[in-house]
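If you want the building blocks of each chain, they are given just below.
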Amino acid sequence: MEVPPPNELLAKVRALPAAPVLLDHLTDAVPVYLVGGGVRDLLLGGRPLDLDLVVEGDPAPVAAALGGDVRTHDRFGTSTVVVDGFTYDLARSRRETYAHPGALPDVSPAPLSEDLLRRDFTVNAMAVALVGPAAGSLESAPLALDDLERHSLRVLHDASFIDDPTRALRLARYASRLEFEIEPHTHALLDSALDARAIETVSGSRIGAELRLLGRERDPVSALRSLGELGIAHAIHPALGLDDEPLARRALALLPDDGRRDWLALVLAARHVPPPELAYLLATLAFEAADRGAILAAATKAPALAGALERARRPSEVADAVGDGGPELVSLAGALGPERQAREWLGRLRHVQLEIGGNDMIEAGVGQGPAIGLGLHAALSAKLDGRVEGRDAELREALRTAQDSG
Ligand code: ATP
(Lines give C-alpha, C1' and ligand atoms only; values in the text may rest on other atoms or scores of the structure.)
Protein backbone atom coordinates (compact mmCIF):
# COMPACT_ATOMS: atom_id res chain seq x y z
CA MET A 1 0.00 0.00 0.00
CA GLU A 2 1.19 3.47 -0.91
CA VAL A 3 1.88 5.41 2.30
CA PRO A 4 1.58 9.18 2.00
CA PRO A 5 4.78 11.15 2.78
CA PRO A 6 5.05 12.32 6.43
CA ASN A 7 3.73 15.85 5.85
CA GLU A 8 0.66 14.48 4.04
CA LEU A 9 0.03 11.77 6.62
CA LEU A 10 0.31 14.29 9.42
CA ALA A 11 -2.15 16.54 7.60
CA LYS A 12 -4.58 13.60 7.39
CA VAL A 13 -4.20 13.03 11.13
CA ARG A 14 -4.70 16.75 11.80
CA ALA A 15 -7.94 16.69 9.79
CA LEU A 16 -9.50 14.16 12.17
CA PRO A 17 -12.12 15.64 14.50
CA ALA A 18 -10.22 14.58 17.65
CA ALA A 19 -6.77 15.65 16.42
CA PRO A 20 -6.53 19.44 16.93
CA VAL A 21 -7.17 19.24 20.70
CA LEU A 22 -4.56 16.52 20.94
CA LEU A 23 -1.83 17.95 18.72
CA ASP A 24 -2.07 21.38 20.33
CA HIS A 25 -1.19 19.87 23.71
CA LEU A 26 1.74 17.65 22.73
CA THR A 27 5.37 18.71 23.13
CA ASP A 28 8.53 17.16 21.72
CA ALA A 29 9.59 16.07 25.25
CA VAL A 30 8.52 12.47 24.77
CA PRO A 31 7.65 10.51 21.60
CA VAL A 32 3.91 10.02 21.12
CA TYR A 33 2.30 7.91 18.39
CA LEU A 34 -1.17 7.34 17.06
CA VAL A 35 -1.59 3.53 16.94
CA GLY A 36 -3.91 0.66 16.23
CA GLY A 37 -7.29 0.83 14.55
CA GLY A 38 -7.09 4.61 14.15
CA VAL A 39 -4.10 4.30 11.81
CA ARG A 40 -5.71 1.37 10.00
CA ASP A 41 -8.91 3.29 9.41
CA LEU A 42 -7.06 6.46 8.43
CA LEU A 43 -5.06 4.62 5.75
CA LEU A 44 -8.26 2.99 4.52
CA GLY A 45 -9.73 6.46 4.03
CA GLY A 46 -11.90 6.51 7.16
CA ARG A 47 -12.21 9.13 9.88
CA PRO A 48 -11.58 7.42 13.23
CA LEU A 49 -13.15 9.22 16.18
CA ASP A 50 -11.51 7.90 19.33
CA LEU A 51 -7.72 7.76 19.21
CA ASP A 52 -5.29 5.26 20.78
CA LEU A 53 -1.92 6.74 21.66
CA VAL A 54 1.34 5.13 22.63
CA VAL A 55 3.99 7.04 24.55
CA GLU A 56 7.63 5.94 24.51
CA GLY A 57 8.07 6.92 28.15
CA ASP A 58 5.78 7.90 31.00
CA PRO A 59 2.26 8.61 29.66
CA ALA A 60 1.13 10.44 32.83
CA PRO A 61 2.48 13.92 31.91
CA VAL A 62 1.06 13.56 28.39
CA ALA A 63 -2.35 12.63 29.81
CA ALA A 64 -2.18 15.55 32.24
CA ALA A 65 -1.16 17.98 29.48
CA LEU A 66 -4.32 17.11 27.53
CA GLY A 67 -6.14 18.78 30.38
CA GLY A 68 -9.33 16.74 30.38
CA ASP A 69 -10.81 14.19 32.69
CA VAL A 70 -8.07 11.54 33.22
CA ARG A 71 -8.82 8.01 34.42
CA THR A 72 -5.71 5.95 35.09
CA HIS A 73 -6.20 2.18 34.82
CA ASP A 74 -2.96 0.62 36.08
CA ARG A 75 0.47 1.25 37.57
CA PHE A 76 1.79 1.30 34.02
CA GLY A 77 0.10 4.63 33.39
CA THR A 78 -2.52 3.31 30.95
CA SER A 79 -5.23 5.92 31.01
CA THR A 80 -8.29 7.25 29.27
CA VAL A 81 -8.61 10.99 28.82
CA VAL A 82 -11.80 12.71 27.75
CA VAL A 83 -11.41 16.24 26.39
CA ASP A 84 -14.18 18.17 24.66
CA GLY A 85 -16.15 14.96 24.16
CA PHE A 86 -13.25 13.14 22.47
CA THR A 87 -11.71 10.04 24.06
CA TYR A 88 -7.99 9.30 23.99
CA ASP A 89 -6.53 6.03 25.28
CA LEU A 90 -2.91 6.39 26.32
CA ALA A 91 -0.46 3.59 27.06
CA ARG A 92 3.22 3.26 27.61
CA SER A 93 5.03 1.48 24.82
CA ARG A 94 5.55 -2.07 26.13
CA ARG A 95 6.44 -5.69 25.60
CA GLU A 96 4.15 -8.39 26.95
CA THR A 97 4.85 -11.91 28.15
CA TYR A 98 2.33 -14.52 29.23
CA ALA A 99 2.99 -16.60 32.37
CA HIS A 100 0.56 -19.20 31.02
CA PRO A 101 -1.95 -19.38 28.15
CA GLY A 102 -4.92 -17.08 28.68
CA ALA A 103 -3.25 -15.20 31.56
CA LEU A 104 -3.18 -11.43 31.70
CA PRO A 105 0.19 -10.35 30.28
CA ASP A 106 3.20 -9.28 32.32
CA VAL A 107 4.32 -5.96 30.86
CA SER A 108 7.61 -4.08 30.77
CA PRO A 109 8.65 -0.92 28.95
CA ALA A 110 9.91 -1.44 25.39
CA PRO A 111 10.46 0.63 22.25
CA LEU A 112 7.58 1.15 19.82
CA SER A 113 8.94 -1.45 17.39
CA GLU A 114 8.38 -4.15 20.05
CA ASP A 115 5.05 -2.71 21.13
CA LEU A 116 3.77 -3.20 17.60
CA LEU A 117 4.75 -6.87 17.63
CA ARG A 118 2.60 -7.67 20.70
CA ARG A 119 -0.58 -6.60 18.95
CA ASP A 120 -3.47 -8.72 17.73
CA PHE A 121 -3.33 -8.40 13.92
CA THR A 122 -0.83 -6.87 11.52
CA VAL A 123 -3.35 -4.32 10.25
CA ASN A 124 -3.63 -3.01 13.84
CA ALA A 125 0.16 -2.95 14.29
CA MET A 126 0.91 0.43 12.76
CA ALA A 127 1.82 3.76 14.30
CA VAL A 128 2.18 7.36 13.12
CA ALA A 129 4.66 9.58 14.99
CA LEU A 130 2.90 12.72 16.20
CA VAL A 131 5.82 14.81 17.49
CA GLY A 132 9.51 15.44 16.86
CA PRO A 133 11.46 15.41 13.60
CA ALA A 134 9.83 12.09 12.55
CA ALA A 135 6.28 13.49 12.92
CA GLY A 136 4.01 12.04 10.27
CA SER A 137 6.16 8.99 9.54
CA LEU A 138 4.64 5.54 9.72
CA GLU A 139 6.14 2.60 11.56
CA SER A 140 4.54 -0.80 11.10
CA ALA A 141 4.99 -4.50 11.85
CA PRO A 142 6.23 -6.68 8.97
CA LEU A 143 3.50 -7.35 6.37
CA ALA A 144 1.12 -4.80 7.96
CA LEU A 145 0.89 -2.63 4.85
CA ASP A 146 0.65 -5.62 2.49
CA ASP A 147 -2.15 -7.04 4.61
CA LEU A 148 -3.97 -3.73 4.68
CA GLU A 149 -3.72 -3.57 0.90
CA ARG A 150 -4.89 -7.18 0.50
CA HIS A 151 -7.64 -6.78 3.12
CA SER A 152 -6.20 -9.62 5.09
CA LEU A 153 -6.26 -10.41 8.83
CA ARG A 154 -3.07 -12.05 10.06
CA VAL A 155 -1.76 -12.62 13.58
CA LEU A 156 1.78 -11.51 14.38
CA HIS A 157 3.04 -14.85 15.66
CA ASP A 158 1.94 -18.47 15.88
CA ALA A 159 1.15 -18.47 19.62
CA SER A 160 -1.11 -15.42 19.38
CA PHE A 161 -4.48 -17.13 19.96
CA ILE A 162 -3.03 -19.40 22.63
CA ASP A 163 -1.49 -16.48 24.53
CA ASP A 164 -4.70 -14.48 24.34
CA PRO A 165 -7.80 -16.30 23.03
CA THR A 166 -9.88 -13.11 23.21
CA ARG A 167 -8.16 -12.35 19.90
CA ALA A 168 -10.41 -15.00 18.35
CA LEU A 169 -13.45 -12.85 19.11
CA ARG A 170 -11.65 -9.76 17.88
CA LEU A 171 -10.92 -11.62 14.65
CA ALA A 172 -14.62 -12.33 14.13
CA ARG A 173 -15.42 -8.69 14.79
CA TYR A 174 -12.87 -7.31 12.35
CA ALA A 175 -13.63 -9.94 9.69
CA SER A 176 -17.25 -8.87 9.66
CA ARG A 177 -16.82 -5.12 10.11
CA LEU A 178 -13.91 -4.58 7.73
CA GLU A 179 -14.98 -7.40 5.40
CA PHE A 180 -11.37 -8.62 5.39
CA GLU A 181 -10.35 -12.21 4.62
CA ILE A 182 -8.65 -14.28 7.27
CA GLU A 183 -5.18 -15.23 6.05
CA PRO A 184 -5.06 -19.07 5.72
CA HIS A 185 -2.28 -19.71 8.24
CA THR A 186 -4.05 -17.48 10.77
CA HIS A 187 -7.24 -19.48 10.13
CA ALA A 188 -5.36 -22.72 10.79
CA LEU A 189 -3.90 -21.29 14.00
CA LEU A 190 -7.38 -20.28 15.13
CA ASP A 191 -8.73 -23.78 14.44
CA SER A 192 -5.97 -25.45 16.39
CA ALA A 193 -6.36 -23.01 19.31
CA LEU A 194 -10.10 -23.77 19.41
CA ASP A 195 -9.40 -27.52 19.18
CA ALA A 196 -7.03 -27.12 22.14
CA ARG A 197 -9.94 -25.45 24.03
CA ALA A 198 -7.96 -22.24 24.39
CA ILE A 199 -11.16 -20.28 25.08
CA GLU A 200 -11.49 -22.10 28.40
CA THR A 201 -8.18 -20.66 29.61
CA VAL A 202 -9.45 -17.06 29.64
CA SER A 203 -11.54 -15.50 32.39
CA GLY A 204 -15.24 -15.27 31.56
CA SER A 205 -15.21 -11.53 32.14
CA ARG A 206 -12.70 -10.98 29.31
CA ILE A 207 -14.73 -13.14 26.92
CA GLY A 208 -17.84 -11.25 28.06
CA ALA A 209 -16.17 -7.90 27.38
CA GLU A 210 -15.40 -8.96 23.81
CA LEU A 211 -18.95 -10.31 23.32
CA ARG A 212 -20.34 -6.99 24.49
CA LEU A 213 -18.18 -5.17 21.95
CA LEU A 214 -19.40 -7.56 19.30
CA GLY A 215 -23.00 -6.79 20.18
CA ARG A 216 -22.26 -3.07 19.74
CA GLU A 217 -20.99 -3.46 16.17
CA ARG A 218 -22.90 -1.52 13.55
CA ASP A 219 -24.00 -4.86 12.04
CA PRO A 220 -24.08 -7.27 14.98
CA VAL A 221 -25.81 -9.94 12.89
CA SER A 222 -22.85 -10.18 10.57
CA ALA A 223 -20.43 -10.17 13.53
CA LEU A 224 -22.38 -13.01 15.17
CA ARG A 225 -22.42 -14.88 11.88
CA SER A 226 -18.59 -14.70 11.79
CA LEU A 227 -18.45 -15.83 15.40
CA GLY A 228 -20.50 -18.89 14.47
CA GLU A 229 -18.79 -19.68 11.18
CA LEU A 230 -15.37 -19.57 12.83
CA GLY A 231 -16.48 -22.02 15.54
CA ILE A 232 -15.93 -19.49 18.33
CA ALA A 233 -19.55 -19.22 19.50
CA HIS A 234 -19.66 -23.00 19.88
CA ALA A 235 -16.43 -22.93 21.89
CA ILE A 236 -17.99 -20.47 24.35
CA HIS A 237 -21.15 -22.57 24.74
CA PRO A 238 -22.33 -25.41 22.48
CA ALA A 239 -25.80 -23.84 22.07
CA LEU A 240 -24.58 -20.28 21.47
CA GLY A 241 -24.94 -18.94 17.94
CA LEU A 242 -27.20 -17.28 15.45
CA ASP A 243 -29.48 -19.88 13.85
CA ASP A 244 -31.91 -17.70 11.92
CA GLU A 245 -30.42 -14.61 10.34
CA PRO A 246 -33.64 -13.27 8.76
CA LEU A 247 -35.33 -13.51 12.17
CA ALA A 248 -32.41 -11.63 13.74
CA ARG A 249 -32.62 -8.87 11.16
CA ARG A 250 -36.39 -8.56 11.60
CA ALA A 251 -36.00 -8.33 15.38
CA LEU A 252 -33.30 -5.67 15.18
CA ALA A 253 -35.36 -3.72 12.66
CA LEU A 254 -38.29 -3.68 15.11
CA LEU A 255 -36.16 -2.46 18.02
CA PRO A 256 -36.76 1.26 18.66
CA ASP A 257 -33.88 3.72 19.09
CA ASP A 258 -34.07 3.60 22.87
CA GLY A 259 -33.76 -0.23 22.85
CA ARG A 260 -30.45 -1.96 23.50
CA ARG A 261 -29.15 -3.42 20.22
CA ASP A 262 -26.27 -5.11 22.03
CA TRP A 263 -28.66 -6.87 24.40
CA LEU A 264 -30.90 -8.00 21.56
CA ALA A 265 -27.90 -9.25 19.56
CA LEU A 266 -26.89 -11.45 22.47
CA VAL A 267 -30.46 -12.60 22.98
CA LEU A 268 -30.56 -13.70 19.35
CA ALA A 269 -27.38 -15.69 19.80
CA ALA A 270 -28.36 -17.13 23.15
CA ARG A 271 -32.01 -18.01 22.71
CA HIS A 272 -31.34 -21.75 22.38
CA VAL A 273 -29.20 -21.98 25.50
CA PRO A 274 -31.36 -23.66 28.17
CA PRO A 275 -32.49 -20.99 30.70
CA PRO A 276 -30.58 -22.19 33.80
CA GLU A 277 -27.42 -22.56 31.72
CA LEU A 278 -27.94 -19.13 30.20
CA ALA A 279 -28.29 -17.53 33.64
CA TYR A 280 -25.03 -19.20 34.66
CA LEU A 281 -23.29 -18.30 31.38
CA LEU A 282 -24.23 -14.61 31.66
CA ALA A 283 -22.96 -14.50 35.24
CA THR A 284 -19.70 -16.19 34.18
CA LEU A 285 -19.32 -13.66 31.37
CA ALA A 286 -19.66 -10.91 34.01
CA PHE A 287 -22.76 -9.26 32.58
CA GLU A 288 -24.19 -6.77 35.06
CA ALA A 289 -27.39 -7.71 36.86
CA ALA A 290 -29.64 -5.43 34.77
CA ASP A 291 -28.15 -6.74 31.51
CA ARG A 292 -28.48 -10.34 32.69
CA GLY A 293 -32.12 -9.87 33.64
CA ALA A 294 -33.12 -8.26 30.35
CA ILE A 295 -31.19 -10.72 28.19
CA LEU A 296 -32.49 -13.73 30.07
CA ALA A 297 -36.08 -12.50 29.98
CA ALA A 298 -35.98 -11.78 26.28
CA ALA A 299 -34.21 -15.02 25.35
CA THR A 300 -36.55 -17.23 27.34
CA LYS A 301 -39.95 -15.51 27.16
CA ALA A 302 -40.17 -14.46 23.52
CA PRO A 303 -41.93 -17.58 22.12
CA ALA A 304 -44.66 -17.47 24.79
CA LEU A 305 -45.10 -13.73 24.33
CA ALA A 306 -45.37 -14.21 20.56
CA GLY A 307 -48.28 -16.60 21.17
CA ALA A 308 -49.97 -14.23 23.62
CA LEU A 309 -49.61 -11.29 21.24
CA GLU A 310 -51.13 -13.34 18.41
CA ARG A 311 -54.18 -13.89 20.59
CA ALA A 312 -54.45 -10.32 21.90
CA ARG A 313 -57.33 -8.41 20.35
CA ARG A 314 -57.49 -5.09 22.19
CA PRO A 315 -54.57 -2.73 22.91
CA SER A 316 -55.00 -3.42 26.63
CA GLU A 317 -54.57 -7.13 25.95
CA VAL A 318 -51.37 -6.41 24.07
CA ALA A 319 -50.08 -4.37 27.01
CA ASP A 320 -51.11 -7.06 29.51
CA ALA A 321 -49.34 -9.73 27.47
CA VAL A 322 -46.11 -7.70 27.53
CA GLY A 323 -46.41 -6.88 31.24
CA ASP A 324 -43.09 -5.51 32.44
CA GLY A 325 -41.19 -6.90 29.42
CA GLY A 326 -38.76 -4.60 27.66
CA PRO A 327 -38.41 -3.53 24.01
CA GLU A 328 -35.82 -6.26 23.30
CA LEU A 329 -38.26 -8.99 24.35
CA VAL A 330 -41.11 -7.46 22.37
CA SER A 331 -38.96 -6.98 19.26
CA LEU A 332 -37.96 -10.64 19.25
CA ALA A 333 -41.52 -11.76 19.96
CA GLY A 334 -42.76 -9.59 17.08
CA ALA A 335 -40.13 -11.00 14.75
CA LEU A 336 -41.38 -14.50 15.62
CA GLY A 337 -44.84 -13.64 14.19
CA PRO A 338 -47.10 -10.94 15.65
CA GLU A 339 -45.25 -8.03 14.10
CA ARG A 340 -48.25 -5.69 14.01
CA GLN A 341 -48.97 -6.05 17.74
CA ALA A 342 -45.27 -5.64 18.58
CA ARG A 343 -45.10 -2.47 16.50
CA GLU A 344 -48.20 -1.10 18.17
CA TRP A 345 -46.74 -1.64 21.65
CA LEU A 346 -43.26 -0.40 20.74
CA GLY A 347 -44.49 2.64 18.86
CA ARG A 348 -47.44 3.76 20.98
CA LEU A 349 -48.83 1.66 23.79
CA ARG A 350 -45.71 1.58 25.96
CA HIS A 351 -45.69 5.39 26.08
CA VAL A 352 -49.27 5.77 27.24
CA GLN A 353 -49.41 6.97 30.84
CA LEU A 354 -52.22 7.82 33.21
CA GLU A 355 -52.74 11.38 34.32
CA ILE A 356 -53.71 10.09 37.76
CA GLY A 357 -51.70 8.22 40.37
CA GLY A 358 -52.30 6.24 43.56
CA ASN A 359 -52.44 9.42 45.63
CA ASP A 360 -55.43 10.66 43.66
CA MET A 361 -57.27 7.48 44.63
CA ILE A 362 -56.29 7.80 48.29
CA GLU A 363 -57.50 11.40 48.30
CA ALA A 364 -60.79 10.15 46.85
CA GLY A 365 -61.14 7.81 49.86
CA VAL A 366 -59.64 4.49 48.77
CA GLY A 367 -57.59 2.84 51.53
CA GLN A 368 -54.00 1.69 51.01
CA GLY A 369 -53.94 -1.80 49.51
CA PRO A 370 -54.25 -3.85 46.35
CA ALA A 371 -57.43 -2.04 45.26
CA ILE A 372 -55.28 0.93 44.21
CA GLY A 373 -53.15 -1.13 41.83
CA LEU A 374 -56.24 -2.84 40.42
CA GLY A 375 -57.94 0.52 39.88
CA LEU A 376 -54.97 2.09 38.14
CA HIS A 377 -54.55 -0.95 35.93
CA ALA A 378 -58.23 -0.81 34.93
CA ALA A 379 -57.94 2.91 34.17
CA LEU A 380 -54.87 2.35 32.01
CA SER A 381 -56.58 -0.49 30.13
CA ALA A 382 -59.59 1.71 29.51
CA LYS A 383 -57.36 4.52 28.29
CA LEU A 384 -55.41 2.20 25.98
CA ASP A 385 -58.66 0.90 24.50
CA GLY A 386 -60.00 4.41 24.02
CA ARG A 387 -62.83 4.02 26.55
CA VAL A 388 -61.77 6.89 28.79
CA GLU A 389 -60.13 10.21 28.10
CA GLY A 390 -58.92 12.83 30.53
CA ARG A 391 -58.13 12.90 34.21
CA ASP A 392 -61.68 12.79 35.56
CA ALA A 393 -62.70 9.85 33.43
CA GLU A 394 -59.54 7.96 34.43
CA LEU A 395 -60.27 8.53 38.11
CA ARG A 396 -63.91 7.44 37.75
CA GLU A 397 -62.82 4.20 36.07
CA ALA A 398 -60.13 3.56 38.70
CA LEU A 399 -62.53 4.20 41.59
CA ARG A 400 -65.27 2.01 40.10
CA THR A 401 -62.86 -0.92 39.79
CA ALA A 402 -61.45 -0.33 43.28
CA GLN A 403 -64.97 -0.36 44.76
CA ASP A 404 -65.93 -3.50 42.79
CA SER A 405 -62.79 -5.25 44.03
CA GLY A 406 -63.63 -4.44 47.66
P1 ATP B 1 -11.73 -0.75 16.83
O2 ATP B 1 -12.02 0.32 17.83
O3 ATP B 1 -11.82 -0.35 15.43
O4 ATP B 1 -12.44 -2.02 17.13
P5 ATP B 1 -9.17 -0.52 17.87
O6 ATP B 1 -7.89 -0.77 17.21
O7 ATP B 1 -9.48 0.86 18.30
O8 ATP B 1 -10.23 -1.11 16.92
P9 ATP B 1 -9.07 -1.32 20.64
O10 ATP B 1 -9.82 -2.43 21.30
O11 ATP B 1 -9.31 0.08 21.05
O12 ATP B 1 -9.34 -1.52 19.09
O13 ATP B 1 -7.54 -1.65 20.78
C14 ATP B 1 -6.55 -0.76 20.36
C15 ATP B 1 -5.38 -1.51 19.80
O16 ATP B 1 -4.81 -2.30 20.85
C17 ATP B 1 -5.71 -2.51 18.70
O18 ATP B 1 -5.67 -1.90 17.44
C19 ATP B 1 -4.62 -3.53 18.84
O20 ATP B 1 -3.45 -3.07 18.20
C21 ATP B 1 -4.37 -3.53 20.33
N22 ATP B 1 -5.09 -4.61 21.02
C23 ATP B 1 -6.31 -4.54 21.60
N24 ATP B 1 -6.64 -5.70 22.16
C25 ATP B 1 -5.62 -6.54 21.93
C26 ATP B 1 -5.34 -7.90 22.27
N27 ATP B 1 -6.22 -8.65 22.94
N28 ATP B 1 -4.16 -8.41 21.86
C29 ATP B 1 -3.27 -7.66 21.20
N30 ATP B 1 -3.46 -6.39 20.84
C31 ATP B 1 -4.62 -5.83 21.20
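These figures come from a predicted structure and were not determined experimentally.

(A) Local environment of the site of the ligand. Taken together, 15 residues surround the ligand, and among them Gly37, Arg40, Asp164, Arg167 and Arg177 come closest. A distance of 2.8 Å separates an oxygen atom of the ligand from a polar backbone atom of Gly37. At 2.7 Å from an oxygen atom of the ligand is found a side-chain nitrogen or oxygen belonging to Arg177. Protein coverage of the free-state accessible area of the ligand, which is 590 Å², stands at 75%. Here the ligand occupies the largest pocket. Elements represented by at least two residues in the shell around the ligand include exactly α3 (37–43) and α8 (166–178). No other element matches the six residues that α8 contributes to the shell around the ligand. Classifying every residue of the shell around the ligand gives one nonpolar, four polar and ten charged.

(B) Molecular detail of unusual backbone geometry. Of note, the phi angle at Arg197 is positive, near 55°, even though the residue is not glycine. With respect to the secondary-structure elements, Arg197 resides in the loop between α9 (184–195) and α10 (204–215). Take Arg197: its relative accessible area is 52%, and that puts it in the exposed class.

The rules we used
Residues numbered from 1 in each chain as written. Predicted model: local features only at pLDDT ≥ 70, side-chain atom pairs only at ≥ 80, totals over all residues. Heavy atoms only, no water. Near = heavy atom within 4 Å. Polar contact = N/O pair within 3.5 Å; in protein donor to acceptor, adjacent residues only side chain to side chain. Areas by Shrake-Rupley, 256 points an atom, 1.4 Å probe, with all protein chains shown as cover. 1 Å grid on protein atoms, 1.4 Å probe; cavity = no way out; pocket = protein on both sides within 12 Å on 5 of 7 lines; lining within 4 Å. Sits in = over half its atoms within 2 Å of the grid points. Helix = DSSP H or I, 4+ residues; strand = E, 2+ residues; numbered from the N terminus. Nonpolar A, V, L, I, M, F, W, Y, C, P; charged D, E, K, R; others polar. Buried < 20%, exposed > 50% of the residue type's maximum accessible area, 1.4 Å probe, protein only.

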